[in-house]
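Here's the letter readout for the chains.
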Amino acid sequence: MSSLKVTDPEVYDLVRAEESRQQDSIRLIASENDTSQAVMEATGSVFTNKYSEGYPGKRYYEGQENTDKVEVLARERAEELYGAEHANVQPYSGSPANLEAYYALLEVGDPILGMGLPYGGHLTHGWGVNFSGRFFDAHHYAVDEETERLDYDAIAEQAREVEPEMIVCGASAYPRTIDFERFAEIANDVDAYLLADIAHISGLVASGVHPSPVPVADVVTTTTHKTLRGPRGGLILCKDEHAKAIDKAVFPALQGGPHMHAVAAAAVAFKEALEPDFTDYSEQIVANSRAMAEELKRRDFRLVAGGSDNHLVLIDMVASRDIGGKPASTALSEAGIVSNANSIPFDERGPFDPSGLRIGTSSVTTRGMEEDEMTQIVEWIDAAIEAREDEDALANIRREVREFCTDYPTP
Ligand SMILES: *Cc1c(COP(=O)(O)O)cnc(C)c1O
């Protein structure tokens, strides 16, 4: 980065500082990961200079001989990776991808039924402060109060009452397997479209470690940067019958020129995800998440839904240690362990200091950590929460964490 260093030393220093922060801490934010050097190189390439509104073979501007090829590569690899009939690789990110799926299949004011934010759903699934809550007649399903898992019979009953045009499934903070086939039956029953948003689990779905919604959902949306480990971006997969509507929704309805540097980098990430070792990585993500869950339970932490089938664990901090999620995440951060406070189902506390703490294993798995390291991390988590008012103790853990991290270099 010699040019950056000369042109803008302030930004250069911040990039270097962020590299150190990422290297020196244990990063457990469930939506984050560490891309490969190859993905970074494509992201930082000259494709950022090119305008390419339209689709391969049908662009508005000249000079598309390379953009066309790179977008076709990305599209074909995405279709192969997920066994999808059609892929659109242009969405800028996960939220625009959802907006585009709605735009393609719904009219303003249509009833939709999605998972409520406090139960693990995403803002774009019809929450009030989001466009999706404002432009649609949004209804929400919860999880079962007892098991904290999806209650498919209850959702089916709610769907019969609401008669939604679309059911949205998928989550940002749900630690268990989602039964997409059951969701498809529920949607079929009420003649609704099914949108599956696999933003978090798309890496696990790509490698078959989590069941895929692609065969049963009308449209599948995802980010490319969470468990899938690509650049920041979005992806829409759909049946051929919806391909035209989806493509028109992305462009010209809701986006302008695609971010071709991100599309090129997504193509690289899809190639990486097609390699056999991506399956090993995905399996290790789940093994690590389960190992963390087991060690947390051994230490009497209460886990939402009792454990984990995927890449994340949701801890009820109030029930476990009588402390809110925010002071817990702050103490962990002081100790070099980065996570986030998160609502838990039926949370009695507000969104700024909810009862839960969400942790995920994507980044630590990418860096080569396995089950034994998860046990060690949980030991630090427990110690940091115990020592939350003791700055010296937190600083000590932080030193141990930094030392430990030197054995697990970021890509
Ligand atoms: C992260 C996420 C998104 C949004 O992705 P952005 O890239 O942040 O816009 C959408 N849906 C779900 C379920 C997510 O977890």
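Quick summary incoming for the structure in this document. If you're wondering where the values come from, they're calculated on a predicted model, not measured in any experiment.

About the cut-offs
Residues numbered from 1 in each chain as written. Predicted model: local features only at pLDDT ≥ 70, side-chain atom pairs only at ≥ 80, totals over all residues. Heavy atoms only, no water. Helix = DSSP H or I, 4+ residues; strand = E, 2+ residues; numbered from the N terminus. Rg over C-alpha atoms; globule rule 2.2 N^0.38 Å. Buried < 20%, exposed > 50% of the residue type's maximum accessible area, 1.4 Å probe, protein only. Near = heavy atom within 4 Å. Polar contact = N/O pair within 3.5 Å; in protein donor to acceptor, adjacent residues only side chain to side chain. Areas by Shrake-Rupley, 256 points an atom, 1.4 Å probe, with all protein chains shown as cover. Phe/Tyr/Trp six-rings, centres within 6.5 Å; stacked < 30°, edge-to-face > 60°. Lys NZ or Arg CZ within 6 Å of the ring centre and 35° of its normal. Pairing = 2+ DSSP bridges. Axes fitted to C-alpha atoms, helices over the stretch in contact; angles between N-to-C directions. Parallel < 35°, antiparallel > 145°, perpendicular 65-115°, else oblique. Left-handed = near helix turned anticlockwise from the far one by under 90°. Contact = heavy atoms within 4.5 Å. Nonpolar A, V, L, I, M, F, W, Y, C, P; charged D, E, K, R; others polar.

1. Points about the overall build of the protein
Thinking step 1. Across its full length, the protein holds 17 helices and 15 strands.
Thinking step 2. Relative to the 2.2 N^0.38 estimate, which gives 22 Å for 411 residues, the radius of gyration of the protein is 21 Å and therefore close to what a compact globule would have.
Thinking step 3. In terms of principal-axis extent, the alpha carbons of the protein reach across some 60 × 60 × 35 Å.
Thinking step 4. Every one of the 411 residues in the protein was classed for burial, and the buried ones make up 56%.

2. A few points about the site of the ligand
Thinking step 1. Taken together, 13 residues sit near the ligand, with Ser93, Ser95, Ser172, Asp197 and Lys226 positioned nearest.
Thinking step 2. In this structure, an oxygen atom belonging to the ligand sits 2.7 Å away from a side-chain N or O atom of Ser95.
Thinking step 3. His200 has a polar side-chain atom sitting 3.5 Å from an oxygen atom of the ligand.
Thinking step 4. Alone, the ligand offers 380 Å² of accessible surface; in the complex the protein occludes 86% of this.
Thinking step 5. Take the shell around the ligand: its biggest share by element is 3 residues, from helix α5 (residues 94-105).

3. Thoughts on the packing of aromatic side chains
Thinking step 1. Enumeration according to the criterion identifies 10 aromatic pairs in this entry.
Thinking step 2. Between Phe278 and Tyr281 the ring centres are 4.8 Å apart and the planes differ by 50°, which places this aromatic pair in the tilted class. Pair noted here: Phe278 and Tyr281 are both in helix α12 (residues 276-298), with a separation of 3 residues, about one helical turn. There is no split in this pair, since Phe278 and Tyr281 are both buried.
Thinking step 3. An aromatic cluster is defined as three or more aromatic residues linked by ring pairs; in this entry it consists of Tyr102, Phe131 and Phe136.
Thinking step 4. Above the face of the Tyr281 ring, Arg229 is positioned so that its terminal group lies 3.9 Å from the ring centre.
Thinking step 5. Here the guanidinium or amino end of Arg321 rests over the ring plane of Phe301, the centre of that ring lying 3.9 Å away.

4. With respect to the sheet that holds strand β4 (residues 86-88)
Thinking step 1. Reading across from one edge, β4-β10-β9-β8-β7-β5-β6 is the order of the 7 strands in this open sheet, with mixed pairing throughout. The open sheet terminates on both sides in strands that have one partner only, identified here as β4 and β6 (137-141). The average angle at which neighbouring strand axes cross in this sheet is 20°, direction not considered.
Thinking step 2. Here strand β8 (residues 193-197) pairs with strand β9 (residues 219-223) via 3 bridges, running parallel.

5. Brief notes about the pairing of β9
Thinking step 1. Summarising burial for β9: 5 of the 5 residues are buried, a large majority.
Thinking step 2. Residues Val219, Thr221 and Thr223 of β9 are buried on one face, and the alternating residues Val220 and Thr222, pointing to the opposite face, are buried as well.
Thinking step 3. Of the strand pairs in this sheet, β9 and strand β10 (residues 234-238) are connected by 5 bridges, and their pairing is antiparallel. The residue bridging Val219 from the neighbouring strand is Cys238, located in β10.

6. Description of the pairing of strand β5 (residues 111-115)
Thinking step 1. Most of β5 is tucked away, with 5 of its 5 residues classed as buried.
Thinking step 2. One ladder, built from 5 bridges, connects β5 with β6; its direction is parallel. Bridged to Gly114 within β6 is His140.
Thinking step 3. Pairing geometry for β5 and strand β7 (residues 166-169), over 2 bridges, is parallel.

7. A look at the packing of helix α16 (residues 371-386) against helix α17 (residues 391-405)
A packed helix pair is summarised by two numbers, namely the angle formed by the two axes and the spacing between the axes.
Thinking step 1. Direction vectors running N to C along α16 and α17 enclose 165°, while the axes themselves pass 10 Å from each other. Classified by the interaxial angle, the pair formed by α16 and α17 is roughly antiparallel. Relative to α17, α16 is oriented so that their crossing is left-handed. Between α16 and α17, the residues in contact are Glu373, Gln376, Trp380, Ala383 and Ala384 and Leu394, Ile397, Glu400, Val401 and Phe404, respectively.
Thinking step 2. Here the residues of the contact of α16 with α17 are counted per class, giving 7 nonpolar, 1 polar and 2 charged.

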